[in-house]
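Okay, here's what each chain looks like letter by letter:
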Amino acid sequence: MKRNADHSLLDKAKFNKKDEFYTQLVDIQRELQHYQQHFKDKVVFCNCDDVRNSNFFKYFVDNFKTLGLKKLICACYNRFKYDLFNNSDGGYFYIYTGKENINPNTDEFTHFEGDGDFRSSESIELLKQSDIVVTNPPFSLFREFVAQLIEYNKKFLIISNINAITYKEIFNLIKDNKVWLGINLGRGISGFIVPNQYELYGQEVKIDENGNKIISPNNCMWLTNLDNSKRHEFIPLTKKYENNEKDYPRFDNYDAINVNKTQDIPSDYSGVMGVPITFLHKFNSEQFKIIQFRKGNDGKDLTINGKPTYFRILIKSLQYV
């Protein structure tokens, strides 16, 4: 059931409830290779995935033994419940435990009493049985999806639009070092398979060798609470504030300097700095402390000479804390 694309397309998806953005296998492989140590003897739940077309399901089946998985559960949402007047299969789930030569068919599916929505009591029961959730959740319900994972204390690796960083709930989780960005984002995620009838609003579009329509939004990321090597890398700081003060103007409504690029963070500044949101992709909680997001002391957006800046994250080097 899924999902993601760039700012304009995903905003339209949010309001139009068009959440069918299917992740390509190559992007799953590219990200999951960095987390293999987390999966041994674990139950993985892909709770927004139809096994008939989910590349998450394919990845975990193909790598079941390599990862040392205990069990894989995939659940599929369908708003039409099966009844005498409806030929839809309805929501269902499928459990895989490692058998050879798998070819799932409807006879092996277990149907939900309801529609299989990830918020349903039936899906939550499966969530309770799982250790790690890996999927591409519906953009229109992203806040609810993450809130549920936090409520049930689950490990996860999921895809979202980069702008999810700006959601108060998500930003606070990052600030408190409870979640962080994955390895790949932006052009590191090559694109999503979408239904042929979707309007694409000027996105980069191609047709793959299987006839699938692929959009490349270049504005997505992985969000996780699984440890990875990147979040422990220190950002090399090669710039100096001293004698370069003109390159770092101060905000009108917060005692901090503006830094336009992460690579321009000065190594010798002891105060608060406002950096772009893309800083979070390189954020190391052992190097910097996040103070707050976007707002000045007056509760309004940060400004320089009366003009608002694009979203800034206020940080401080732990070297001076």
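Everything here concerns the structure above.
Now for a look at the structure at hand.

Basis of the calculations
Residues numbered from 1 in each chain as written. Predicted model: local features only at pLDDT ≥ 70, side-chain atom pairs only at ≥ 80, totals over all residues. Heavy atoms only, no water. Phe/Tyr/Trp six-rings, centres within 6.5 Å; stacked < 30°, edge-to-face > 60°. Helix = DSSP H or I, 4+ residues; strand = E, 2+ residues; numbered from the N terminus. Buried < 20%, exposed > 50% of the residue type's maximum accessible area, 1.4 Å probe, protein only. Lys NZ or Arg CZ within 6 Å of the ring centre and 35° of its normal. Core = buried A, V, L, I, M, F, W, Y, C linked by side-chain atoms within 4.5 Å. Salt bridge = Lys/Arg side-chain N within 4 Å of Asp/Glu carboxyl O.

Glancing now at the packing of aromatic side chains. Using the criterion set out here, one finds 16 aromatic pairs in the structure. Geometrically, the ring pair formed by Phe 64 and Tyr 96 is edge-to-face, given 5.0 Å between the ring centres and 85° between the ring planes. Linking Phe 64 in helix α4 (residues 64–67) with Tyr 96 in strand β4 (residues 92–96), this pair joins segments that are 32 residues apart in sequence. Residue Phe 64 is classed as buried on the basis of its relative accessible area of 7%. In this arrangement the basic side chain of Arg 119 is found over the ring face of Phe 118, its NZ or CZ atom lying 5.5 Å from the centre. Across from the ring centre of Tyr 167, 3.6 Å away, lies the NZ or CZ of Arg 143, which sits over that ring.

The biggest cluster of nonpolar side chains holds 51 residues, and the ones touching the most others in it are Leu 223, Phe 279, Leu 280, Ile 313 and Ile 315. Counting residues in hydrophobic clusters, the runner-up holds 37 residues, among them Phe 60, Cys 74, Phe 109 and Cys 220.

The tally for this structure, following the rule as stated, stands at 13 salt bridges. Of the charged contacts, one joins Asp 50 and Arg 52 as a salt bridge, the two residues approaching to 3.1 Å between their closest N and O atoms. Judged by its relative accessible area of 47%, Arg 52 is partly exposed. Across the pair Glu 144 and Arg 119 runs a salt bridge, and its minimum N-O distance is 3.2 Å. In this pair, Glu 144 sits in helix α6 (residues 142–151) while Arg 119 sits in the loop between β5 (110–111) and α5 (121–129), placing the two residues 25 residues apart along the sequence. Residue classification places Arg 119 among the partly exposed positions, given a relative accessible area of 37%. Among the ionic contacts, a cluster of salt bridges with common partners joins Asp 117, Arg 119 and Glu 144.

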